[in-house]
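Architecture and fold: a report
If you want the building blocks of each chain, they are given just below.
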Amino acid sequence: MKISRYFDAAILKPEMTEQEVREAIQSCIDCDSYTVCVRPCDIELAVSMCEGTNTKVSCVLDFPHGDSTAEGKAELARQYASKGVVEIDMVMNYGYARSGKWDEVKRGIEGVVREARKYGVGVKVIFETCALTLEEIKKATEISIEAGADFVKTSTGFAASGASEEAVRMMLDTAQGRIKVKPSGGIRNYETAKKYVDMGASRLGIGFGSALVISQGEEESEKKASEG
């Protein structure tokens, strides 16, 4: 499978104009990204542009801090899932995780999963791994599995750092095939993208500006291999 079919291409900068969003979505469609991951206010635009293409639409929820209530998260999930997205990338309350309030963390995820499922929408749980210990990452993976989520995801891309091999390895080792893993944040070239795919990642969170760069890197790598 070509690398672009792993892409959830993030179009999330809060200052982006509608025209800039349109151009970003089109560039990701042209790269054959699996999804464009958009701001909630851009769901309808993205769905209309992606109709009839290979690219689907995902959106973020309670982004980037994850500090809404469980009830608030669930209500947002209901609204977004009804608009045509295929997946929701929700931010876990990682402040609660760091506090050991795992029942509340789980309740927040369960509410989103419950509402998303009514519309056949998948759920990814963003941890913000740079703020967590490896033991907390392990626990968050288990909690996400128990709550019925489809993916665990490292990062929002808006914090101090993004995906790391150490965090991704912990998530994969804990998941043991029970939930999919999505590294996100700091993946800007083909070598990094391929590294995570080879580790076992099922999807990659990348900035929309990196989609073409990574795709071209794959082409160059294949060209060198054929020439060698």
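If you're wondering where the values come from, they're calculated on a predicted model, not measured in any experiment.

Rules used throughout
- Residues numbered from 1 in each chain as written.
- Predicted model: local features only at pLDDT ≥ 70, side-chain atom pairs only at ≥ 80, totals over all residues.
- Heavy atoms only, no water.
- Patch = residues over 30% accessible without salt bridge, like charges linked within 9 Å, V, L, I, M, F, W, Y side chains within 5 Å.
- Areas by Shrake-Rupley, 256 points an atom, 1.4 Å probe, with all protein chains shown as cover.
- Salt bridge = Lys/Arg side-chain N within 4 Å of Asp/Glu carboxyl O.
- Lys, Arg positive; Asp, Glu negative; His and termini not counted.
- Charge placed at Lys NZ, Arg CZ, Asp CG, Glu CD.
- Helix = DSSP H or I, 4+ residues; strand = E, 2+ residues; numbered from the N terminus.
- Axes fitted to C-alpha atoms, helices over the stretch in contact; angles between N-to-C directions.
- Parallel < 35°, antiparallel > 145°, perpendicular 65-115°, else oblique.
- Left-handed = near helix turned anticlockwise from the far one by under 90°.
- Contact = heavy atoms within 4.5 Å.
- Nonpolar A, V, L, I, M, F, W, Y, C, P; charged D, E, K, R; others polar.
- Pairing = 2+ DSSP bridges.
- Buried < 20%, exposed > 50% of the residue type's maximum accessible area, 1.4 Å probe, protein only.

Quick look at a negative patch on the surface now. Taken together, Glu-191, Glu-219, Glu-220 and Glu-222 make up a surface patch of like negative charges. Inspection of the secondary structure puts Glu-220 in helix α9 (residues 211–227).

Further remarks concern the packing of helix α5 (residues 102–117) against helix α6 (residues 134–147). Contact geometry for α5 and α6: axes closest at 9 Å, N-to-C directions at 40°. Judged on the interaxial angle alone, α6 and α5 are oblique. Seen along the crossing, α5 lies across α6 with a hand that is right-handed. Residues Trp-102, Val-105, Lys-106, Ile-109, Glu-110 and Val-113 of α5 form the contact with α6, whose own contacting residues are Glu-136, Lys-139, Ala-140, Ile-143, Ser-144, Glu-146 and Ala-147. Considering only residue class, the contact of α5 with α6 consists of 7 nonpolar, 1 polar and 5 charged.

Judged by pairing direction, the sheet is parallel, and its 8 strands sit side by side in the order β7-β6-β5-β4-β3-β2-β1-β8 without closing on themselves. The sheet terminates laterally at β7 (180–182) and β8 (204–207), the two strands that pair on one side only. The sheet shows a mean angle of 30° between the axes of neighbouring strands, direction not considered. Here strand β5 (residues 122–126) runs beside strand β6 (residues 151–153); their pairing, made up of 3 bridges, is parallel. Among the inter-strand pairings, Ile-126 is bridged to a residue of β6, identified as Lys-153. Its contacts with the sheet place helix α2 (residues 43–50) against β2 (35–38) and β3 (56–61), and it is angled at close to 165° to β3. Of the strands in this sheet, β3 and β4 (87–91) touch helix α3 (residues 70–81), which is tilted by about 160° from β3.

Moving on, we get to unusual backbone geometry. Omega for the bond connecting Phe-63 with Pro-64 falls within 30 degrees of zero, at 5°, which places this linkage in the cis form. Assignment of secondary structure puts Pro-64 in the loop between β3 and α3. Located in the positive-phi region is Asp-62, a residue other than glycine, with phi close to 55°. Inspection of the secondary structure puts Asp-62 in the loop between β3 and α3. Phi at Glu-128 takes a positive value of approximately 65°, unusual for a residue other than glycine. Since its relative accessible area comes to 1%, Glu-128 is described here as buried.

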